[in-house]
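Here is how the chains run, residue by residue.
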Amino acid sequence: MLLNWTVMILYNYFSAMFVGPGYVPLGWTPEKSQDCMYLQYCKVCQSYKAPRSHHCRKCNRCVMKMDHHCPWINNCCGYQNHASFTLFLLLAPLGCIHASFIFVMTMYTQLYNRISFGWSSVKIDMSAAKRDPRPIIPFGLSAFAASLFALGLALGTTIAVGMLFIIQMKVILTNKTSIESWIEEKAKDRIQYYQTGETFIFPYDTGSKWKNFKQVFTWSGIPEGDGLDWPVRDGCHQYSLTIEQLKQKADKRVRSVRYRAVEDYSGVCCPVTKGVETFFTTPCTEEPRIALSKGDLILATRGLKHWMYGEKILDSAADGGIRERGWFPRKCVEKCQYDSETDQPVDGEKKNR
C-alpha cells in the first residue's frame, strides 16, 4: 500500500510539474476583431489575454485558467494540470495518514512490553530489542527517534497539504480559480463602493457541482475545452469576467494615489534601517519588493500599516509608462499634494469619488 501511495503521489506530482498549466499562444487574438475591446492586452506576450487567463511573472507567460504559481512544482497550476495538482494534494495526506498509523502502531507494539511504571519516573528499556531476536529490524533508541520524527513530518504534511486540498476543491466545485474568487470579491466591493446597482454573476459556474467537477476531472485526464473558449451560464456574456476585470483595472487607476520617494530603499525583503516595526511586519507574500531612489514617483494602490504596494513610474509619461510593481516601506515615501494626471488635489479628488 505504501508503494502504491508513493507511485500515485509521484505520478501526479511530476505530471503537474512537467505537463504544465498550458499557455495562451503568443500573438493570440479572438476570432472576432470587435471582441478585442473586452480583453486586456499583455505587453510582454504581445497578445490579448484570453478569458480566465492571467500573466505569471515567474513563468513570464500568460497562463490559461491560472489558479496560482506553486513554488513546490516550480510551475503554475492552471488549465491542463489542475486535476493532477489537486490529486497530488489529495493523495499526499492519505499516504501520510497511512504512514502515521504504521508509525504509531509500531511504537506502541514495540514499547508496550518495555515500559515499567514507577512512582516517580517512567523507564524505557531499549535493550530488550537486542535480547529478542525475532524482529528483523531491531527497534532501538535511534529507530524510536526516527519513527517519532517521521510521525511529526507525516502529521504536519497531512494538516498543511490537506488544507490546500480543501481550498482547491471549494474553487473547483464552483468552477472558479483562486484568482477568480478574488476578482468576484473585488467586484462586490466595487459595486458596493460606487452604489452602481449592478449585480455581478460569475459566468462560468454551471450551477451544478457535479458538472463543475467534470470540467476539471475526466477519465482521459484531459480537461474539457481548449483553455481559450469557455461555456457560460444563461444570462451571462462570453466576456462578463473580462469586462469586470477592465472595470476593476480602471477603478484601480482612479483610486491610486501618487507618492514621491523621500528615502532610498534597496528592495530587500526585511530592511534593517527602516525601523523595527517595518522589519518585523514585512508582507508575507511572494510579491516582489521594488527599489526606490529619492525622487521616484509611485502610484500606490494598496497598503498595510508600515508597507505599501504600488507601481513605480519609470517613464515620464503619465499613461503607458513602463512600471515596476512591488512593496516598499511606507516611511520611505510621502503623498504628493497634486496628482499630475488630473491636476487636482488628491484629497479633494478622493472626496468627490
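All values reported here derive from a predicted model rather than from experimental measurement.

Conventions we followed
Sequence order as written defines residue numbering, which begins from 1 separately in each chain. Reporting of local features is limited, given that this is a predicted model, to residues whose pLDDT is at least 70; pairs of side-chain atoms are given and counted only at 80 or more, and all residues count toward the totals for whole chains, interfaces and linings. As a rule here, side-chain values cover all heavy atoms of the structure and leave hydrogens and water aside. Labels follow the DSSP assignment, with helices taken as runs of H or I lasting at least four residues and strands as runs of E lasting at least two, numbered in each case from the N terminus. Burial classes: relative accessible area under 20% of the type maximum marks a residue as buried, over 50% as exposed, and values in between as partly exposed (1.4 Å probe, protein chains only). The predictor rates its confidence in each residue with pLDDT, a number between 0 and 100. Working rule for contacts: check all heavy atoms of both residues, and any pair within 4.5 Å makes them a contact. Only a pair of cysteine sulfur atoms within 2.5 Å counts as a disulfide in this structure description. UniProt positions are given in the numbering used here, feature names are shortened, and annotations may be inferred rather than shown by experiment. Here the rule is simple: two strands pair whenever DSSP picks up at least two bridges between them. Residues form patches when they are more than 30% accessible in relative terms and have no salt bridge. Like charges link within 9 Å. Nonpolar side chains (Val, Leu, Ile, Met, Phe, Trp, Tyr) link within 5 Å. Here the open area of atoms and residues is found with the Shrake-Rupley method and a 1.4 Å probe, where only the protein chains shown may cover a residue. Put simply, a salt bridge is a Lys or Arg side-chain nitrogen that is within 4 Å of an Asp or Glu carboxyl oxygen. None of His or the chain ends enter the tally, which takes Lys and Arg as positive and Asp and Glu as negative. Here the site of a charge means NZ on Lys, CZ on Arg, CG on Asp, or CD on Glu. In this description, a nonpolar core means a group of buried Ala, Val, Leu, Ile, Met, Phe, Trp, Tyr and Cys residues linked to one another through side-chain atoms lying within 4.5 Å.

Student: Honestly, the overall build of the protein in this entry has me stumped. Any pointers?
Tutor: When you go through the protein residue by residue, the secondary structure sums to nine helices and 15 strands. When each of the 353 residues of the protein is scored for burial, the buried share is 40%.

Student: Honestly, the confidence of the model for the protein in this entry has me stumped. Any pointers?
Tutor: For any part of a model where pLDDT is low, the fine detail of the predicted coordinates should not be relied upon. This prediction gives the protein a mean pLDDT of 84; 86% of its residues lie at or above 70. Contacts from residues 316–321, a stretch scored under 50 in pLDDT, to residues over four places away or in other chains number five contacts.

Student: Whenever I open this one, the state of the cysteines confuses me. Can you help?
Tutor: Chemically, a disulfide is nothing more than a covalent bond linking the sulfur atoms of two cysteines. The tally for this structure, following the rule as stated, stands at zero disulfides. Not part of a disulfide, cysteine 56 finds its nearest cysteine sulfur in cysteine 76, a span of 3.3 Å. Classification of cysteine 56 by relative accessible area gives buried; the value is 3%.

Student: Honestly, the UniProt feature "transmembrane region" (unreviewed entry) in the protein in this entry has me stumped. Any pointers?
Tutor: Under the UniProt annotation, "transmembrane region" (unreviewed entry) lies at residues 6–24, 87–108 and 136–167. Annotated as residues 6–24, this span is 74% helix and 0% strand, and its ends, taken at the C-alpha atoms, are 33 Å apart. Taken as a whole, residues 87–108 contains 100% helix and 0% strand, while its terminal C-alpha atoms sit 32 Å from one another.

Student: I tried to follow the pairing of strand β9 (residues 257–261) on my own but got confused; where do I start?
Tutor: Burial analysis of β9 places four of its five residues in the buried class, the great majority of the element. In this structure, β9 lies alongside strand β13 (residues 333–335), joined through three bridges in antiparallel fashion. Its bridge partner being in β13, alanine 261 is matched across the sheet by valine 333.

Student: What am I meant to see in the pairing of strand β10 (residues 297–303) here?
Tutor: Across a regular strand the side chains alternate sides, sitting on one face of the sheet and then on the other. Pairing analysis gives four bridges linking β9 to β10, with the strands arranged antiparallel. Directly across from valine 257, in β10, lies its bridge partner alanine 300. Pairing between β10 and strand β11 (residues 307–313): five bridges, direction antiparallel. Bridge pairing in β11 places leucine 299 opposite glutamate 311. Remark: three residues form the turn of the hairpin made by β10 and β11, two consecutive strands paired antiparallel.

Student: Even after reading the chapter, I still don't get a positive patch on the surface, so can you show me in this structure?
Tutor: Together, Lys43, Lys186, Lys249, Lys252 and Arg253 line one region of the surface with positive charge. Among the elements that line the positive patch, the one with the most residues is helix α7 (residues 240–255), at three residues. Position of lysine 249 relative to the elements: it lies in helix α7.

Student: Got a minute to help me understand the nonpolar core in this structure?
Tutor: Counting 19 residues, the largest nonpolar core has Val24, Trp28, Leu228 and Leu241 as the members making the most contacts within it. Looking at this core element by element, the count peaks at three residues for helix α5 (residues 178–194). Setting aside anything within four residues of it in sequence, one finds tryptophan 28 in contact with Leu39, Ser47, Tyr48, Lys49, Ala50, Pro51 and Leu228.

Student: I would appreciate a short explanation of the side chain of serine 84 in the present structure.
Tutor: Mapped onto the elements, serine 84 comes out in helix α2 (residues 82–112). For serine 84, a relative accessible area of 17% gives the class buried.

Student: Help me understand the environment of glycine 303 in this model?
Tutor: Its place among the elements puts glycine 303 in strand β10. The spacing of glycine 303 and phenylalanine 328 is 25 residues in sequence and 9.3 Å in space, taken between C-alpha atoms. Setting aside anything within four residues of it in sequence, one finds glycine 303 in contact with Met308, Tyr309, Trp327 and Arg330.

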